[in-house]
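# Inside the fold
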Amino acid sequence: MLTKIFPFINWFKNYDKSALQTDLLSGLTVALVLIPQSMAYAQLAGLPPYFGLYASFLPPMVAALFGSSHQLATGPVAVVSLMTSASLEPLATAGSEAYIAYAILLALIVGGFQFSLGVLRLGVVVNFLSHPVVNGFTNAAALIIASSQLSKIFGVYVDKALHHYETIIRVVESAVHYTHWPTVFMGVLAFAIMYGLKRLNPKIPNVLVAVAVTTILAWMIGFEHNAVVDIAAVRSPEAAETIEKYNRAVLAISPLAEERKRMSESLDKAKTEGDAMNVLEAEYRISVINVQMERLKEDAHIHRSRIRDTLFSGEEENGVMAFFPKTPEANEGRTWRIKVGNGPVDPAGLTMMGGGAVVGRIPKGLPSLTVPKINLKVILQLLPYAAIISLLGFMEAISIAKAMAAKTGQRLDPNQELIGQGLGNILGAIGKSYPTSGSFSRSAVNLQAGAVSGLSSVFTSTAVVIVLIFFTPLLYHLPQSVLAAVIMMAVIGLLNVSGFIHAWHSQWYDGLISVISFVATLVFAPHLDKGIMVGVVLSLLVFLYKSMRPTVASLSRSEDQAFRDSMIHDLEQCKYIDLVRFEGPLFFANASYLEDQINDRIMQKKN
């Protein structure tokens, strides 16, 4: 009973000093890959980079302690990070305090869902996500993830559109208008280092080397190069007017959001009291506010795009920098841009960007351990996404664990793995983590390094703790384009064209479902849940159709006196009697089909 509650006790049977040294080395090797990868995946999830380190603190250790796989490396992964972003964007602005709070709450919900499935021994529900659906979704997600990093590679800034492909069009248009070539160079250099070292010697931590080289280079050449000035230093009346209009639109949104919140509370109260007139009035007021907010958001988007597209050249006047709109003739010198996010621009402290984007300051020390604030209304909104993330994350984790168990001979318990992943996400949420899962690339590194037990993941978490406490200042100058290159390099392994071919050869309808899931995910992005639901519904419809019309075989005696399908084995049938085999369960939906098949055979036989 003790080992069922604390499965990590089994690690220490016949455990010796040599195994400890191997686990220590494996854990440190995985940490060298995890630290830069986790920061990149946090940005993919719409969070500040250091939240990737928070997600690498408790989840790897807890998931290993209470899971069943000895080599599975848990932490931030690409697909779950993308799903996190897709589920939270309708609720809050990426990177805002509300967005971060919802991401942490999402990890708690995902963990609770996985833990409940494990305790109730319902790991079989993962089978609802068939292989063709997962293959189509994963390939589409890989393309979405890779293309979502193009803006960071080119050093451009755009607002996200309703559909992902519209966002990519905006990125391309912005890159044609202006590309920051040093940013592109940093990304390409990171690609070259990672690819070259991977081909040269896979044991070298290529991601860490790429991050270290580009960070040192960025520090040496002054890659960031920002200047904070008063708006008076910007010698462009058009730019000043656009900033004023932008601030006016952005600042008008908050009061409307507060009013909408009050009206939503009034609506709930009116529904509870059964006051139909107040319900109609509240719904009308909310609709009007929504229209007003959408108009303001569109105005803010237009003005923000104009601010970002305006290029400046800098000149020193009496020891102070002044910025003038850049003319097509002025190609020489540094190009400056106004930094604008989703909030209002401070006219007294305008940030002018004359270089590339870096990670910036990372808070030193460990995150405070607090239980996320429980909001039932938000939980109900996040629950469908949490269920999909839970199943997808577990499918990824258990697939990796099974592949490694086939090599090591270890026995896996899927339900115990669900408990481990669930507890990892629950306790991770207490430590400011967003949803995590098993990583294929880091698990492969762990296995290759010879990890004997899950203690290697404990050492990985310890290494992350040491980095958070002592070494975060060293990551300040890490270029954002390098993190984008890390993500793009990692998701290449998710592309699997042969999966479509294999599914088609197995059953043509499986291949078709895989292709439709792929196309639907791309079209509906960033609403990734719709792509999965299309695939799941098609799989269930095919299953129901096959269940309603199973094969009804006519049997004949073969040479070995056994009864076999006469059509398949080309056996002679009796003219008067037909012996049939119903290849499937008999229930109400296919009973009439069996009756029709028997009646057809009766009509064909001689009396």
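See the structure above.
Conventions used here
- Residues numbered from 1 in each chain as written.
- Predicted model: local features only at pLDDT ≥ 70, side-chain atom pairs only at ≥ 80, totals over all residues.
- Heavy atoms only, no water.
- Helix = DSSP H or I, 4+ residues; strand = E, 2+ residues; numbered from the N terminus.
- Buried < 20%, exposed > 50% of the residue type's maximum accessible area, 1.4 Å probe, protein only.
- Contact = heavy atoms within 4.5 Å.
- Areas by Shrake-Rupley, 256 points an atom, 1.4 Å probe, with all protein chains shown as cover.
- Lys, Arg positive; Asp, Glu negative; His and termini not counted.
- Charge placed at Lys NZ, Arg CZ, Asp CG, Glu CD.
- 1 Å grid on protein atoms, 1.4 Å probe; cavity = no way out; pocket = protein on both sides within 12 Å on 5 of 7 lines; lining within 4 Å.
- Points joined across faces, edges and corners; volume = space filled by probe spheres on them.
- Nonpolar A, V, L, I, M, F, W, Y, C, P; charged D, E, K, R; others polar.
- Pairing = 2+ DSSP bridges.
- Expected span 1.5 Å × (residues − 1).
- Salt bridge = Lys/Arg side-chain N within 4 Å of Asp/Glu carboxyl O.
- Axes fitted to C-alpha atoms, helices over the stretch in contact; angles between N-to-C directions.

## What about the overall build of the protein chain?
- Of regular secondary structure, the protein chain possesses 23 helices and 10 strands.
- Principal axes of the C-alpha set define a box for the protein chain whose edges measure 110 × 75 × 55 Å.
- Every one of the 607 residues in the protein chain was classed for burial, and the buried ones make up 49%.
- Considering only residue pairs separated by 6 or more positions, the protein chain has 77% of its internal contacts joining residues 24 or more positions apart.
- Accessible surface, the protein chain as shown: approximately 30,600 Å² in total, 63% of it carbon and sulfur.
- Taking the average place of the 47 positive charges on the side chains of the protein chain and the average place of its 45 negative ones, the gap between the two points comes to 7 Å.

## Thoughts on empty space enclosed by the protein
- Inspection of every chain in the model, using the stated rule, returns two cavities of 30 Å³ or more.
- The calculated volume of the largest cavity comes to roughly 100 Å³.
- Around the largest cavity sit Gly155, Val156, Tyr157, Ser174, His177, Tyr178, Arg308, Asp309, Arg337, Ile338 and Met353, which together line it.
- Secondary structure elements with two or more residues in the lining of the largest cavity: α9 (164–177), α13 (276–309) and β5 (335–338).
- A breakdown of the residues in the lining of the largest cavity according to their chemical character gives five nonpolar, three polar and three charged.
- When contributions to the lining of the second largest cavity are tallied by element, the ones reaching two or more residues are α2 (17–44) and α17 (455–471).
- Looking at the lining of the second largest cavity residue by residue, the classes come out as four nonpolar, three polar and no charged.

## Points about the pairing of strand β2 (residues 226–229)
- With burial as the criterion, only one face of β2 is covered, namely that bearing Ala227 and Val229; the residues Asn226 and Val228 on the opposite face remain uncovered.
- Across four bridges, the pairing between β2 and strand β6 (residues 350–353) is antiparallel. The residue of β6 that forms the bridge with Asn226 is Met353.

## Thoughts on α13
- With 34 residues, α13 should reach 50 Å at 1.5 Å per residue; the first-to-last C-alpha distance of 49 Å fits that figure.
- Residues of α13 that are buried: Val279, Ala282, Ile286, Ile289, Met293, Leu296, Ala300, His301, His303, Arg304, Ile307 and Arg308.
- In the core, the buried residues of α13 are packed alongside α9, α12 (237–273) and β5.

## Notes on the pattern of salt bridges
- For the structure on display, the rule yields 10 salt bridges.
- For Glu89, the salt bridge identified is with Lys160, shortest N-O distance 2.5 Å. With Glu89 in the loop between α5 (78–88) and α6 (97–119) and Lys160 in the loop between α8 (150–154) and α9, this pair connects stretches of sequence that are 71 residues apart.
- Residue classification places Glu89 among the partly exposed residues on the basis of a relative accessible area of 26%.
- Two residues, Glu241 and Lys245, come together in a salt bridge whose shortest N-O distance is 3.4 Å. One end of the pair is Glu241 and the other is Lys245, both in helix α12 and four residues apart, which spans about a single turn.
- Residue classification places Glu241 among the partly exposed positions, given a relative accessible area of 42%.
- Its relative accessible area of 34% is what places Lys245 among the partly exposed residues.
- Here the salt bridges share partners, and the residues they tie into one network are Asp159, Arg304 and Arg308.

## Here's the deal with the sheet that holds β6
- If you trace the five strands from one edge of the open sheet to the other, you get β2-β6-β5-β3-β4, paired in antiparallel fashion. Across the chains shown, the open sheet's two edge strands, defined by having one partner strand only, are β2 and β4 (320–325). Ignoring which end each strand starts from, the neighbouring axes of this sheet average 45° apart.
- Relative to β6, β5 runs antiparallel, the two being bridged by two bridges. From the neighbouring strand, Ile338 faces β6, where its bridge partner is Met352.

## A closer look at the environment of Val250
- Along the chain, Val250 turns up in helix α12.
- Sequence separation of Val250 and Ser313 is 63 residues, and the distance between their C-alpha atoms is 27 Å.

## A word on the sheet that holds strand β9 (residues 563–565)
- Reading across from one edge, β9-β8-β10 is the order of the three strands in this open sheet, with antiparallel pairing throughout. Edge strands, defined here as strands with exactly one partner in the open sheet, are β9 and β10 (579–582). Averaged over all neighbouring strand pairs, the angle between strand axes comes to 45°, with direction disregarded.
- Where strand β8 (residues 552–557) meets β10, four bridges bridge the pair, whose relative direction is antiparallel.

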